[in-house]
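Coordinate analysis (summary)
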Amino acid sequence: MAAQSKTPLKTEKSAVETTRSSGTEVDSFLARVKSMIPAGSGRGRLIFAMDATMSRQPTWDLALKLQADMFRAVKEAGGLDVQLVYFRGLNETQASKWVGDPEALARLMTGVACQGGFTQICKVLAHARRESKKAKVNAVVYVGDCMEEDIDELCARAGELALLGVPMFLFQEGREPKAERAFKEIARLTRGAYCHFDAGSARQLRELLAAVAVYASGGRKALQDYGAATKSGAAVRLLEQLS
């Protein structure tokens with residue numbers, strides 16, 4: 001039996017390739033972030049959604065290690081509230097409360113065990129739409145490797161998010177063609193961005209997550225300040241394109 005989360009969660013009703021992400025692809029991703037309308041200043045709200053089916057355990061563990069960097073990156077930009085959303089098993093999709101510090105998010109993630117099942121991305125999109133209607137959501141991050149749903153239905157849900165002005169950032173592990181096609185289309189429809197990564201690009205994923213978190217919290221100006229402080233990684237590449 002899978003371990004249960006120690007923090008109550010509310011249930012929603014309703015062989016990875018080893019090719020490294022190219023610098024060109026990452027630059028393209030960052031250019032897409034650059035072209036978007038700034039999210040504004042103040043405390044950002046970001047939905048952090050992940051595929052928690054059985055094959056995803058290594059990436060779940062990686063994300064658990066990296067998530068604290070999102071909070072550190074936005075400290076000067078105004079802070080960040082994150083809601084963890086995940087799916088696993090045959091029909092389970094869950095969403096946590098909103099949390100504002102890495103320790104709280106780590107506790108939520110530590111209490112979740114990946115289980116076999118199919119993707120439920122459509123439920124993630126529907127949840128993001130409902131949350132956005134309650135209060136502004138600045139960005140949705142999704143991390144996964146495959147897609148086993150009807151692409152037209154996913155695009156319809158993505159279109160609903162687009163109408164609410166919520167960009168979606170999709171990070172794909174591996175190169176499964178059907179998922180890549182769907183993720184890129186969702187990113188296009190929501191005016192978000194897509195980027196591939198693999199198990200060897202933990203540093204890159206960390207920098208990309210931090211860049212999106214800063215964007216969610218304070219827009220391009222916050223990214224500029226963050227890049228000036230860090231002098232490295234994704235934020236610096238973005239600043240080079242802004243100049």
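Below or above, wherever it landed, is the structure these notes cover. (Residues numbered from 1 in each chain as written. Predicted model: local features only at pLDDT ≥ 70, side-chain atom pairs only at ≥ 80, totals over all residues. Heavy atoms only, no water.)

1. Notes on the pairing of strand E2 (residues 44–51)
The element E2 is largely enclosed, with a buried count of eight among its eight residues. Covered by surrounding structure in E2 are Gly44, Leu46, Phe48 and Met50 together with Arg45, Ile47, Ala49 and Asp51, the residues of both alternating faces. Where E2 meets strand E3 (residues 80–88), eight bridges bridge the pair, whose relative direction is parallel. Paired with Ile47 across the strands is Gln83, a residue of E3. (Buried < 20%, exposed > 50% of the residue type's maximum accessible area, 1.4 Å probe, protein only. Helix = DSSP H or I, 4+ residues; strand = E, 2+ residues; numbered from the N terminus. Pairing = 2+ DSSP bridges.)

2. Observations concerning the pattern of salt bridges
As enumerated under the stated definition, the model contains eleven salt bridges in all. Among the ionic pairs, Arg88 bridges to Glu92, the shortest N-O distance being 3.0 Å. Exposure class is identical for Arg88 and Glu92. Each is buried. Several salt bridges converge on common partners, so that one network encompasses Arg56, Asp145 and Glu173. (Salt bridge = Lys/Arg side-chain N within 4 Å of Asp/Glu carboxyl O.)

3. Considering the packing of aromatic side chains
Aromatic rings considered in pairs are described by the distance between their centres and by the relative angle of their planes. What the rule picks out here adds up to three aromatic pairs. Taking the centre distance of 5.7 Å and the plane angle of 85 degrees together, the rings of Trp60 and Tyr86 count as edge-to-face. Of this pair, Trp60 sits in helix H2 (residues 57–73) while Tyr86 sits in strand E3, and the two are 26 residues apart along the sequence. You can call Tyr86 buried: its relative accessible area is 2%. (Phe/Tyr/Trp six-rings, centres within 6.5 Å; stacked < 30°, edge-to-face > 60°.)

4. Notes on the packing of H2 against helix H7 (residues 202–230)
H7 packs onto H2 with a crossing angle of 20 degrees between their chain directions and a minimal axis gap of 9 Å. As summarised for this structure, H2 and H7 are arranged roughly parallel, according to the angle between their axes. Judged by the twist between their axes, the crossing of H2 over H7 is right-handed. Taking contact as the criterion, the partners of Leu62, Leu66, Asp69, Met70 and Ala73 in H2 are, on H7, Ala202, Leu205, Arg206, Leu209, Ala210, Ala213, Val214 and Tyr226. Along the lines of polarity and charge, the residues of the contact of H2 with H7 split into eleven nonpolar, no polar and two charged. (Axes fitted to C-alpha atoms, helices over the stretch in contact; angles between N-to-C directions. Parallel < 35°, antiparallel > 145°, perpendicular 65-115°, else oblique. Left-handed = near helix turned anticlockwise from the far one by under 90°. Contact = heavy atoms within 4.5 Å. Nonpolar A, V, L, I, M, F, W, Y, C, P; charged D, E, K, R; others polar.)

5. A short note on the environment of Asp69
Residue placement: Asp69 occurs in helix H2. Taking the C-alpha atoms as reference points, Asp69 and Arg206, 137 residues apart in sequence, are found 6.9 Å from one another. Beyond its immediate sequence surroundings of up to four residues, Asp69 is in contact with Arg206 and Ala210.

All quantities given are derived from atomic positions and should not be read as evidence of function.
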